[in-house]
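Below are the chains, spelled out letter by letter.
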Amino acid sequence: MSVQVQSERLATVMPDMLAAIHEVIERHRVTEAEWMTALQFLTEVGRADEFILFSDVTRTSVLIDTLEHGGDESGATASDVEGPMYTVEPPFRKKIYEEYEGMGDDDPLFVRGRVTSTTGEPLPGAIVDVWQTGPAGGYDIWDERQPEGNFRGRIKAEEDGSYEFQTMLPKPYTVPTSGPVGRYLEAVGQHPWRPAHIHLKVTAPGHRPLVTQVFFPDDPYLENDTIGAVKPALVRPVEKHDDHLTCDFDVKLAPQSA
Ligand code: BEZ
Ligand code: FE
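Residues numbered from 1 in each chain as written. Chains lettered and ligands numbered in written order. Predicted model: local features only at pLDDT ≥ 70, side-chain atom pairs only at ≥ 80, totals over all residues. Heavy atoms only, no water.

Thoughts on the overall build of the chain
- Each helix and strand counted, the chain has five helices and eleven strands in total.
- Structurally, the chain occupies a C-alpha span of about 65 × 45 × 30 Å along its principal axes.
- Buried positions account for 39% of the 258 residues belonging to the chain.
- The long-range fraction of contacts in the chain, counting pairs at least 24 apart against all pairs at least 6 apart in sequence, stands at 72%.
- Carbon together with sulfur atoms contributes 55% to the accessible area of the chain, which is approximately 14,600 Å² in total. (Helix = DSSP H or I, 4+ residues; strand = E, 2+ residues; numbered from the N terminus. Buried < 20%, exposed > 50% of the residue type's maximum accessible area, 1.4 Å probe, protein only. Contact = heavy atoms within 4.5 Å. Areas by Shrake-Rupley, 256 points an atom, 1.4 Å probe, with all protein chains shown as cover.)

Below, the structure written as structure tokens:
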């Protein structure tokens with residue numbers, strides 16, 4: 001009795017995937033003990049909920065993002081990987097943080113721009129969803145000094161598509177290293193640092209959602225982000241004013257049909 005193929009795509013991709021894995025195992029004469037260690041490691045990655053992190057640090061997420069959007073001729077803003085730190089539906093607010101002990105006294109940063117369609121028309125009501133680390137202590141989830149949801153927020157674009165939010169310039173940080181992925185990084189000699197960045201997820205009706213990141217010049221990790229996610233088009237200057245900083249970041253979304 002023949003088993004019905006449930007997924008054409010799986011039936012196409014899996015034999016090649018397995019052939020590639022088998023070829024590497026054969027070429028390196030991987031031992032039984034090594035294979036068991038690998039399976040144990042993957043089990044731990046799953047238990048620790050670190051599969052997205054593992055996909056990121058092995059630069060598989062970047063590869064998938066490039067395949068999905070790399071040849072995008074639509075004129076949309078360059079996309080980037082989402083990473084594992086997004087949390088859904090942060091509050092609508094223009095200042096996306098509350099002060100916390102030890103955050104330092106850096107000047108605030110205003111990120112601003114316009115959300116338009118690639119055809120140039122403004123997209124009023126577009127939602128700009130942002131998340132980032134603070135100026136000290138990383139993401140709110142890791143730093144008990146920060147209130148829950150700190151440095152996360154949503155902003156609704158105005159009639160002319162403009163948006164602005166108040167934040168602080170983030171700093172480079174290390175991806176989580178206390179779990180199995182941290183052990184992996186140490187074992188293969190890969191550093192865990194990411195350059196400072198702000199994540200954005202931008203949505204508007206009738207347009208393809210965009211997930212991206214903004215980076216800043218002169219960061220020591222721009223050239224060697226541990227997840228390899230820096231794109232030159234996403235590195236934006238920061239302008240210094242008397243008591244604050246600004247960074248301009250216009251966002252173009254492709255119409256759904258494009
Ligand atoms: C992030 O950018 O938030 C991130 C990406 C990969 C791993 C961990 C964090
Ligand atoms: Fe991040």
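Now, onward.
Considerations on a nonpolar patch on the surface
- On the surface, Leu 10, Val 13, Met 14, Met 17, Leu 18, Ile 21, Val 30, Trp 35, Met 36, Leu 39, Leu 42 and Phe 51 cluster together into a nonpolar patch covering about 1,000 Å² of accessible area.
- Residue assignment for the nonpolar patch shows that the elements contributing at least two residues are helix 1 (8–27) and helix 2 (32–47).
- Element by element, the count of residues in the nonpolar patch is highest for helix 1, at six residues.
- Relative to the assigned elements, Leu 39 resides in helix 2. (Patch = residues over 30% accessible without salt bridge, like charges linked within 9 Å, V, L, I, M, F, W, Y side chains within 5 Å. Salt bridge = Lys/Arg side-chain N within 4 Å of Asp/Glu carboxyl O.)

Comments concerning the coordination of the iron ion (ligand 2)
- The iron ion (ligand 2) binds to the protein through Tyr 139 (OH), Tyr 173 (OH), His 197 (NE2) and His 199 (NE2), with metal-donor distances spanning 2.0 to 2.2 Å.
- Coordination geometry of the iron ion (ligand 2): the six donor atoms subtend angles of 56 to 163° at the metal centre, consistent with an arrangement described as irregular.
- Along the chain, the residues donating to the iron ion (ligand 2) are arranged with the sequence spacing Y-x33-Y-x23-H-x1-H. Of the two residues, Tyr 139 is situated in the loop between strand 2 (127–132) and strand 3 (152–156) and His 197 in strand 7 (residues 197–203); the sequence distance between them amounts to 58 residues.
- Judged by its relative accessible area of 0%, His 197 is buried. (Donors = N, O, S within 2.8 Å, 3.2 Å for Na, K, Ca; no water. Tetrahedral: all angles 85-135°; square planar, octahedral: opposite > 155°, others 65-115°.)

A few points about the side chain of His 197
- At a separation of 3.0 Å, a polar atom in the side chain of His 197 contacts the side chain of Tyr 173.
- Only 3.0 Å separates the side chain of His 197 from the side chain of His 199, close enough to count as a polar contact.
- Discounting residues that sit within four places of it in the chain, His 197 has contacts with Gln 132, Tyr 139, Pro 170, Tyr 173, Gln 213, Val 214, Phe 215 and Phe 216. (Polar contact = N/O pair within 3.5 Å; in protein donor to acceptor, adjacent residues only side chain to side chain.)

A few points about the site of ligand 1
- Near ligand 1 you find Leu 53, Asp 56, Pro 84, Met 85, Tyr 139, Tyr 173, Val 175, Arg 194, His 197, His 199 and Ile 227, and these make up its full shell.
- In the environment of ligand 1, an oxygen atom lies 3.0 Å from a nitrogen or oxygen atom belonging to the side chain of Tyr 139.
- Within the side chain of Arg 194, a nitrogen or oxygen atom sits 2.6 Å from an oxygen atom of ligand 1.
- When ligand 1 is considered free in solution it has 260 Å² of accessible area, and contact with the protein chains removes 100% of it.
- A molecule is said to occupy a pocket when more than half its atoms come within 2 Å of that pocket's grid points, and by this definition ligand 1 occupies the largest cavity.
- When its residues are assigned to classes, the shell around ligand 1 shows seven nonpolar, two polar and two charged. (Near = heavy atom within 4 Å. 1 Å grid on protein atoms, 1.4 Å probe; cavity = no way out; pocket = protein on both sides within 12 Å on 5 of 7 lines; lining within 4 Å. Sits in = over half its atoms within 2 Å of the grid points. Nonpolar A, V, L, I, M, F, W, Y, C, P; charged D, E, K, R; others polar.)

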